[in-house]
Amino acid sequence: MDQSAQHAGTMHDHADQDGHTGASWGMAVRATLHCLTGCAIGEILGMVIGTALVWGNVPTMILAIVLAFLFGYSFTLFAVRRAGLDLRSAVKVALAADTVSIAVMEIVDNGIVALTPGAMDAELSDGLFWAALLGGFAVAFVITTPVNKWMIGRGKGHAVVHAHH
């Protein structure tokens, strides 16, 4: 079986005018789910900590965003370290692979939470808080997936990680 046939499930067989191979939607979905997992863990943890410490909305949101990036990067960092990269190289790969994806995810998700009336003042026990947060994650997933597809197709984003598997 030739190499293009082997990759039929993950990559298209044609290249664009710049020689980049297009990424499949499946690959983009997997990359986005990976990003979403780290973002969700960090963001929910940040909201819980900020609420428990009775912080205001802005410091709680900042903590949640910082933790979303930290957890998002850490998932990739652990994967590429397990693949044999040294720590410095692994950090570079994680930053290259995840920064745009996490940033888009966080902008969309936090924008939705901030724009949902009452969500910023809702408590963790309120359904409105969880509906806004989970709805924000769903919309962020839909918006971030094509971004990841575009980046992977150009050898960036999670394509950098796949080079180390």
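Higher on the page you've got the structure.
In this report, we go over the structure that sits alongside the text. In this text the structure is predicted, and so the values were computed from the model without any measurement. Position numbers for residues count from 1 along each chain, tracking the sequence in the order it is written. Only residues with pLDDT of 70 or above have their local features reported here, since the model is predicted, and side-chain atom pairs are shown and tallied only from 80 upward, although totals for entire chains, interfaces and linings are computed over all residues. No hydrogens and no water enter the side-chain calculation; it runs on all heavy atoms of the structure.

### Here's the deal with the overall build of the protein chain
Assigned secondary structure in the protein chain consists of six helices and two strands. Only runs of H or I of at least four residues qualify as helices and only runs of E of at least two qualify as strands under DSSP, and these elements are numbered from the N terminus. When the helices and strands of the protein chain are read in sequence order from the N terminus, they spell out α-β-β-α-α-α-α-α. Partly exposed residues are those whose accessible area sits between 20% and 50% of the maximum for their type, while under 20% is buried and over 50% is exposed, using a 1.4 Å probe and protein chains only. Scored against the burial criterion, the 165 residues of the protein chain give a buried share of 38%. Whether two residues are in contact is decided by their heavy atoms, any of which lying within 4.5 Å being enough. Counting contacts in the protein chain only where the partners sit at least 6 residues apart, residues at least 24 apart contribute 65% of the total. Per-residue and other accessible areas were derived by the Shrake-Rupley procedure at a 1.4 Å probe size, with only the shown protein chains allowed to occlude residues. Counting every atom, the protein chain has about 8,700 Å² of accessible surface; 68% of that belongs to carbon and sulfur.

### Considerations on the packing of helix α4 (residues 87-115) against helix α5 (residues 127-153)
When two helices pack together, you describe them by how their axes are tilted relative to each other and by the distance separating the axes. A fitted line through C-alpha atoms represents every axis, and for helices the fit uses only the stretch in contact; the resulting angles, taken between N-to-C directions, go from 0 to 180 degrees. For the pair α4 and α5, interaxial distance at closest approach is 8 Å and the crossing angle is 150°. The angle between the axes of α4 and α5 places the two elements in the roughly antiparallel class. Regarding α4 and α5, the two cross each other, and that crossing is right-handed. For the pair formed by α4 and α5, the contact residues are Val100, Ser101, Val104, Met105, Val108, Asp109, Ile112 and Val113 on the first element and Ala132, Leu133, Gly136, Phe137, Val139, Ala140, Phe141, Ile143, Thr144, Val147, Asn148 and Met151 on the second. Taken together, the residues that form the contact of α4 with α5 break down as 15 nonpolar, four polar and one charged. Convention used here: angles under 35 degrees read as roughly parallel, angles over 145 as roughly antiparallel, angles from 65 to 115 as roughly perpendicular, and any remaining angle as oblique. Handedness of each helix crossing follows the sense of rotation of the near helix against the far helix: counterclockwise by less than a right angle gives left-handed, clockwise gives right-handed. Under the scheme applied here, ten amino acids are nonpolar (Ala, Val, Leu, Ile, Met, Phe, Trp, Tyr, Cys and Pro), four are charged (Asp, Glu, Lys and Arg), and all others, including Gly, are polar.

### A look at α5
For a helix, the expected span equals 1.5 Å multiplied by the number of residues minus one. End to end, α5 covers 39 Å across 27 residues, agreeing with the expected 39 Å (1.5 Å per residue, within 8%). A bend of about 25° at Thr144 is the largest found in α5, and the proline Pro146 appears one to four places after it. Just downstream of α5 lies Gly155, where phi reads positive at about 80°. Fitting axes to the seven residues that end at a residue and to the seven that start at it, the angle between those axes gives the bend at that residue.

### Comments concerning unusual backbone geometry
Positive phi is not limited to glycine here, since Val54 has a value of about 55°. Here Val54 lies in the loop between α2 (25-52) and α3 (57-82). Judged by its relative accessible area of 71%, Val54 is exposed.

### Examining the nonpolar core
Counting residues in each nonpolar core, the largest one holds 25 residues, and the members touching the most others are Cys39 and Met105. For this core, the secondary structure elements donating two or more residues are α2, α3, α4 and α5. Counting residues per element, this core draws most heavily on α4, at seven residues. Each residue touching Cys39, except ones within four places of it in the same chain, is listed here: Ala68, Ile102, Met105 and Glu106. In this text, buried Ala, Val, Leu, Ile, Met, Phe, Trp, Tyr and Cys residues form a nonpolar core when linked through side-chain atoms within 4.5 Å.

### Some points on the side chain of Glu43
Along the chain, Glu43 falls in helix α2. Here Glu43 sits buried without a salt bridge, and the closest side chain of opposite charge, Arg82, lies 22 Å off (N-O distance). If sequence neighbours within four positions are ignored, Glu43 has contacts with Ala64, Ala68, Glu106, Asp109, Asn110, Leu133 and Phe137. Asp and Glu are treated as the negative residues and Lys and Arg as the positive ones, with His and the ends of the chain left uncounted. By salt bridge we mean one thing: a side-chain nitrogen of Lys or Arg within 4 Å of a carboxyl oxygen of Asp or Glu.

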